[in-house]
Amino acid sequence: MPRPFLFALPLLACITSLQAAEPLKVLIVDGQNNHKWEITTPVLKHALESSGAFQVRVTTTPPKGAPADAWNAWQPKFADYAAVVSNYNGEPWPAPVRADFQAYVHSGGGFVSVHAANNSFPEWKEYNQMIGVGGWGGRNEVSGPWLYVKDGKLFRNTSAGSGGAHGPQHEFVVEIQNPEHPITRGLPARWLHCKDELYSRLRGPAENIEILATAKSDLTAENEPNLMVIQHGKGRVFHTTLGHADYSMLDRGFYETLQRGTEWAATGAVTRTAEVPADFPTAEKTSPVLLEGHPKQAPPAAKPAR
Ligand code: ZN
């Protein structure tokens, strides 16, 4: 056997183990939102990077009403990332960006939709297939069924009505519906989430979707989905309806489920973020995350934004 081959084997093993330790590249998209994205994107970035599993970059779209030139200059390279996380709810993206994004997810890219990202793009068919269900933006029974869990099973309510609703913000208990999924495995069956909006009556095509966790809505008295996974082509989508404001995201439960959901969307497995943190919330007690130097968002106005 020629000597170079003998030397090549340990070298190859070394390269492989180095690659395995490299953080997963994640791209956060923001720039327009009826929520304070300038304040919440740094929290999302910290939530991911503090796990050590991710390296995060942010791409910011032009502001609302920007000229076409500004939009034409915005050309995110989705394919360079293992997962894309959306903190965006605004104007439609240019057609080439939409086409790139569709191709990215369809061919196996990971996508994570956070809170009002599911308000986005009511007219974009493939986007709605990716998120499964969404709210507002004129969504109604034509958009698809209202999705929730009834008697332990996923239930599609096809009755007429608008999509998207929530009551006043409050702390609420998140209940795991599938404890066997990599994203939820080992987490407490019920945990108290920090003050947030409890999204309800979400509607959409709801294809290839599984609800992983729910919360009982005061508004609808149904188990409304908080955490969902969707298969779209070869791509995996993690959809969290949680995260209205920074104080909703600065929550160990939000952090852990975002990390696991993003890893799963990126790779199809949860290994790097599987350890359950000692300070994970219980059914009785929230677990806020302290982020040094973070400007505290003002408390919600009397009339809450979506
Ligand atoms: Zn909101």
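Residues numbered from 1 in each chain as written. Predicted model: local features only at pLDDT ≥ 70, side-chain atom pairs only at ≥ 80, totals over all residues. Heavy atoms only, no water.

Trainee: Any chance you could break down the packing of helix α2 (residues 37-49) against helix α7 (residues 252-267) for me, citing the residues and the numbers?
Mentor: Interhelical geometry of α2 versus α7 gives an angle of 70° and a closest axis separation of 9 Å. Viewed along their axes, α2 and α7 adopt a mutual orientation that is roughly perpendicular. Between α2 and α7, the residues in contact are Val43, Leu44, His46, Ala47 and Leu48 and Phe254, Tyr255, Leu258, Gln259 and Thr262, respectively. A breakdown of the residues in the contact of α2 with α7 according to their chemical character gives 7 nonpolar, 3 polar and no charged. (Axes fitted to C-alpha atoms, helices over the stretch in contact; angles between N-to-C directions. Helix = DSSP H or I, 4+ residues; strand = E, 2+ residues; numbered from the N terminus. Parallel < 35°, antiparallel > 145°, perpendicular 65-115°, else oblique. Contact = heavy atoms within 4.5 Å. Nonpolar A, V, L, I, M, F, W, Y, C, P; charged D, E, K, R; others polar.)

Trainee: Tell me about the pattern of salt bridges, and name the residues and values.
Mentor: Within the structure shown, the criterion is met by 5 salt bridges. Across the salt bridge formed by arginine 190 and glutamate 175, the nearest N and O atoms sit 3.8 Å from each other. Taken together, the residues arginine 190 in strand β8 (residues 190-196) and glutamate 175 in strand β7 (residues 170-176) connect sequence positions 15 residues apart. A relative accessible area of 42% means that arginine 190 is categorised as partly exposed. Its relative accessible area of 31% is what places glutamate 175 among the partly exposed residues. (Salt bridge = Lys/Arg side-chain N within 4 Å of Asp/Glu carboxyl O. Buried < 20%, exposed > 50% of the residue type's maximum accessible area, 1.4 Å probe, protein only.)

Trainee: I'd love a proper account of the packing of aromatic side chains, names of residues and values included.
Mentor: Applying the stated criterion across every chain, the model contains 21 aromatic pairs. With a centroid separation of 6.1 Å and an interplanar angle of 35°, the aromatic rings of phenylalanine 78 and tyrosine 104 are classed as tilted. Of this pair, phenylalanine 78 sits in the loop between α3 (68-72) and β3 (83-86) while tyrosine 104 sits in helix α4 (residues 95-106), placing them 26 residues apart in sequence. Judged by its relative accessible area of 7%, tyrosine 104 is buried. (Phe/Tyr/Trp six-rings, centres within 6.5 Å; stacked < 30°, edge-to-face > 60°.)

Trainee: Which residues make up empty space enclosed by the protein, and what values go with them?
Mentor: What the rule picks out here adds up to 1 cavity of 30 Å³ or more. In terms of lining, the largest cavity is formed by Asn33, His35, Thr40, Asn87, Val114, His115, Ala116, Gly243, His244 and Met249. Of the residues belonging to the lining of the largest cavity, the class tally is 3 nonpolar, 7 polar and no charged. (1 Å grid on protein atoms, 1.4 Å probe; cavity = no way out; pocket = protein on both sides within 12 Å on 5 of 7 lines; lining within 4 Å. Points joined across faces, edges and corners; volume = space filled by probe spheres on them.)

Trainee: Before we move on, could you go through the nonpolar core and cite the residues and values that matter?
Mentor: Side chains of nonpolar character tend, in soluble globular proteins, to be buried together. Ranked by size, the top nonpolar core spans 39 residues in total, and within it Val114, Phe254 and Leu258 carry the most contacts. Among the elements that make up this core, the one with the highest residue count is α7 (6 residues). The residues touching valine 114, leaving out its near neighbours within four places in the chain, are Leu44, Val85, Ser86, Thr240, Leu242, Met249, Phe254 and Leu258. Counting residues in hydrophobic clusters, the runner-up holds 34 residues, among them Trp124, Val133, Leu202 and Ile211. (Core = buried A, V, L, I, M, F, W, Y, C linked by side-chain atoms within 4.5 Å.)

Any functional reading would require information that these geometric values do not contain.
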